[in-house]
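# Geometric and topological summary
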Amino acid sequence: MTKERDADQILVQCVQKGDKQAFELLVLKYQRKIIRLVSFFVKDQAEVEDIVQEIFIKAYKALASFRGESAFYTWLYRIGVNSAKNHIISQKRRMITSSDIDAREKELFHVPVLPNEPVTPDTVLASKQLAELVNEAMDTLPDELRTAISLREIDGLSYEEIAEMMDCPLGTVRSRIFRAREIIANRIRPLMEIALDKSR
Amino acid sequence: MDLNNNKSQIQEQISAFMDGECQSHETSVALASLRQEAYQKDWEIYHQIGDILKSNEMGIRVSEDFNSRLNARLRTTEPDPHKIFQFLPKHQHLRIVYALAAMLTLFAILIPRFAGNDGAEVAAPYLTAQFTSANFPSHSDATLIAAGQKDVSTRSDSEPDMLRDPLIDSYLAAHQRYSSSMVSAVEYETGPIILETGKR
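In this report, the structure presented in the accompanying data block is examined. (Residues numbered from 1 in each chain as written. Chains lettered and ligands numbered in written order. Predicted model: local features only at pLDDT ≥ 70, side-chain atom pairs only at ≥ 80, totals over all residues. Heavy atoms only, no water.)

## Regarding the interface of chain A and chain B
Put simply, the rule reads: Residue contacts are counted whenever heavy atoms from the two residues lie within 4.5 Å of one another. Defined here as a combined quantity, buried area equals the accessible surface (1.4 Å probe) lost by two parts on assembly, summed across both. Put simply, a salt bridge is a Lys or Arg side-chain nitrogen that is within 4 Å of an Asp or Glu carboxyl oxygen. Strands here mean DSSP runs of E at least two residues long; helices mean DSSP runs of H or I at least four residues long; both are numbered from the N terminus.
With 70 residues of chain A at the interface, the matching set in chain B holds 62 residues. Carbon and sulfur atoms make up 60% of the surface buried where chain A meets chain B, a total of about 6,800 Å² over both sides. Of all residues in chain A, the largest losses of buried area upon contact with chain B belong to R32, Q53 and R174 of chain A, amounting jointly to 12% of the total for that side. Our enumeration of links across chain A and chain B arrives at twelve salt bridges. Put simply, D19 of chain B and R152 of chain A hold a salt bridge, and the shortest N to O gap is 3.0 Å. Elements with a contribution of two residues or more to the side of chain A that touches chain B: α1 (2–16), α2 (20–39), α3 (45–62), α4 (72–90), α6 (121–140), α7 (143–154) and α9 (170–199) of chain A. Broken down by element, the residue count for the side of chain A that touches chain B peaks at 15 residues, all from α9 of chain A.

This is the structure we're talking about:
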């Protein structure tokens, strides 16, 4: 876990030296987590994305003052929570009205509303498909690849710890994790390409 | 073939970099590679796989123009070296000040009323009224009196003793003493409440 923080720290330092592309990598890494976070507060997907954009812009502007005392994601998360709350306060009147409507709809149609679910059926379907594909691809992986990536991604172990557990050299762990990622990535790339074409 | 090998090698470096497991000499290579769009896609997909493996709800899809819009904004945004992110919303400071002022005002009004002997005189009838209205079984009126009211006794010898677990008294006393209600605070100031049975 600490080593993953190191990667963030390297990227943050690059940004602080003026490398904007390094910040784009941090965006690519954390955008889903921040979208999910904001989705807890705001239901409208387009609105969520606008807020998330503001969060990243705020973070970029303030990154010069980030000293690395906490993890970058902790810092970003706090900006996210505050921005989402401020958005709700500024939109309070509208939010109250819409939540009233939601409550009435729930009463009338008994439809459970999940606050953290993306709104449109397309995005829900795509998200579920993506998750299913990843899980299916995991099941088809050879044991040693599945174990290596599970220990890394789910248990958060370092390569050294995984090497010790799997009784193999460090380089083998690195290679297994990469191969597992590539096999899974090859399964989900087509779906991602279709989604991209649709949005264009 | 060499190109493919080279690509795989770079992808493996990116995979290791995102885990914070790159050799120091590889970090700059990985960072340089990540300036290319194709490798940025790999970076994004590898992170998405990790997110989904941690939670199925992380199959979140981001609209295609999200990153292009954000990157366009980033290009025109400059970091602000003096900006330190304020985690409290602006009006939150005012709320804290108002709350403190309200508390101080409340204390300023209440403390003189309940302090000293006068306080006991004020508090005792209030306590009596509170407890007599609580509908204790078989002793609905004047079952409890405050110690401050030395000359008030409502018990007559002809009345039967209340049948109850003796532990109840100590429990009630402790409850009164440590309850955070205003009544208990007053009672604590004016002495313990004496139950009619006189067992305390």
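## Let's talk about the nonpolar core
As a reminder, the rule being used: Joining through side-chain atoms within 4.5 Å is the link that ties buried Ala, Val, Leu, Ile, Met, Phe, Trp, Tyr and Cys residues into a set, and such a set is a nonpolar core. Per-residue accessibility, obtained with a 1.4 Å probe over protein chains only, is compared with the maximum for each type, and a residue is labelled buried under 20%, exposed over 50%, and partly exposed between these values.
By size, the foremost hydrophobic cluster in this structure holds 79 residues, and its most contacted members are F23, F56 and F72 of chain A together with W43 of chain B. Counting residues per element, this core draws most heavily on α2 of chain A, at eleven residues. In this structure W43 of chain B touches L11, L25, L28 and K29 of chain A together with I14, F17, M18 and L34 of chain B, once residues within four positions along its chain are discounted.

## Re helix α4 (residues 64–75) of chain B
An α-helical turn contains 3.6 residues, so any two residues separated by three or four positions project in the same direction. Heads up, the rule is: Directions are taken from the helix axis to each C-beta atom, and the arc is the one they span.
Within the sequence span of α4 of chain B, burial applies to F66, N67, L70, N71 and L74 of chain B. Projection of α4 of chain B onto a plane perpendicular to its axis shows the buried side chains occupying an angular sector of 115°, all on one side. The elements touched by buried residues of α4 of chain B are α2 and α3 of chain A together with α3 (37–54) of chain B.

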